[in-house]
Amino acid sequence: MNVAGLRRACLPAVVVAVMVSAHATASAETIRVTIKAFRFSPVEVAARVGDTIEWANEDFVAHTATARSGEWEVAIPRGEVGRLIVDESSGEWDYFCRFHPQMTGRVVVAD
Amino acid sequence: MLARLIGFAAAITMLFGVANVYAADLNDTQIAHIAYTAGQIDIAAAELALEKSSNEDVRRFAENMVSDHTAVNEQALALVEKLGVTPEDNETSQTLSKQADLKRAELAGLSGPAFDRAYVENEVAYHQAVNDALANLLIPAASNEELKALLSTGLEIFTGHQQHAENVLEMIQ
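Before going into details, it helps to say that this report is about the structure given with it. (Residues numbered from 1 in each chain as written. Chains lettered and ligands numbered in written order. Predicted model: local features only at pLDDT ≥ 70, side-chain atom pairs only at ≥ 80, totals over all residues. Heavy atoms only, no water.)

Take the overall build of chain B next. Secondary structure summary: chain B contains 6 helices and 0 strands in total. In chain B, the succession of α and β elements from N to C terminus is α-α-α-α-α-α. A separation of at least 24 residues holds for 78% of the contacts in chain B among residues at least 6 apart in sequence. With an accessible surface of roughly 8,100 Å², chain B has 52% of that area assigned to carbon and sulfur atoms. (Helix = DSSP H or I, 4+ residues; strand = E, 2+ residues; numbered from the N terminus. Contact = heavy atoms within 4.5 Å. Areas by Shrake-Rupley, 256 points an atom, 1.4 Å probe, with all protein chains shown as cover.)

Structurally, Thr86 of chain B can be placed in the loop between helix H3 (56-83) and helix H4 (91-108). Between the C-alpha atom of Thr86 of chain B and that of Lys148 of chain B, which follows or precedes it by 62 residues, the distance is 16 Å.

Residue and element names in this part refer to chain A. Applying the stated rule across the entire model yields 12 salt bridges over all chains. One salt bridge connects Glu54 with Arg83, and the closest N-O pair in it is separated by 3.1 Å. On the criterion of sequence distance, the pair formed by Glu54 in strand S4 (residues 52-57) and Arg83 in strand S7 (residues 81-85) is long-range, its members being 29 residues apart. A relative accessible area of 54% places Arg83 in the exposed class. Measuring nitrogen to oxygen at the nearest pair gives 2.9 Å for the salt bridge that ties Asp94 to Arg106. With Asp94 in strand S8 (residues 91-96) and Arg106 in strand S9 (residues 104-110), the pair connects residues that are 12 residues apart, well separated along the chain. In this structure Asp94 comes out as partly exposed when scored by relative accessible area, which is 37%. Relative accessible area serves as the criterion here: at 25%, Arg106 is assigned to the partly exposed category. (Salt bridge = Lys/Arg side-chain N within 4 Å of Asp/Glu carboxyl O. Buried < 20%, exposed > 50% of the residue type's maximum accessible area, 1.4 Å probe, protein only.)

On to the interface of chain A and chain B, then. Of the residues lining the interface, 13 residues belong to chain A; the matching set on chain B comes to 18 residues. Where chain A abuts chain B, roughly 1,300 Å² becomes buried across the two surfaces, and 53% of that area is made up of carbon and sulfur atoms. Sorting the residues of chain A by area buried against chain B places Phe60, Arg98 and Phe99 of chain A first, and these three jointly supply 41% of that buried surface. Here chain A and chain B share 3 salt bridges between them. The residue Arg39 of chain A makes a salt bridge to Glu156 of chain B at a minimum N-O spacing of 2.8 Å. Applying the counting criterion to the chain A and chain B interface returns 5 residue pairs in polar contact (both at pLDDT 80 or more). Here the side of chain A that touches chain B is built from residues that sort into 7 nonpolar, 2 polar and 4 charged. (Buried area = accessible area lost by both parts, 1.4 Å probe. Polar contact = N/O pair within 3.5 Å; in protein donor to acceptor, adjacent residues only side chain to side chain. Nonpolar A, V, L, I, M, F, W, Y, C, P; charged D, E, K, R; others polar.)

So, in structure tokens, the structure goes:
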């Protein structure tokens, strides 16, 4: 491949990187899940890379949001809020409360 | 009612080795005392685990038992204060405490992975028995609605504890 070809090949990747970055900084949102009476509500949320998901615990005991895959866990003390910043890992994440595993939820992440 | 009594007797037998419990005679102040006592027993077991275990999963479980049962018992104390009643000691509470002392002494004689396994296995069985007793006898027998609601919340929390204990047991086997 000559130099001009290399430049052409690289260009789309650069543009995509800028677009992702612009999305992450300009339109990042905070998505709230409320925990009350041992339920995540809503049970399923949709997020984009760069968004923050926050779990507000209205119960009188502590909970967690723990990815079924084991890749992340958010501590959510009683009466407090736990936060997760969605990084570059798009996909679907089933999660549960480690302390009360009958509590389940899902995060669906798009790029 | 017979089925409830049999279910409760089975749960109590499993836990405490006695079948002769006259559950139908329990009143609200006794039910509150039994529930509170059951919580304190699990806190004491967890404190023993925190003294003896170095397994991270076991310790996290035990820390949560202390935290959750303390929180539930605080709610129970607040309720009895609000209602102006005094939890009444009774034969079931006393039997619970005696059997728990024996179990704790047995666990105290173990160490390392043997302790971890025995502690968590007992947590599975203990929560199962308490949950059976709550669902089949104590909640139906409670007459005060606020007490019934708190016991139901307790059942929800302790059902989670049973599952959590089962998960920890899988991890340490």
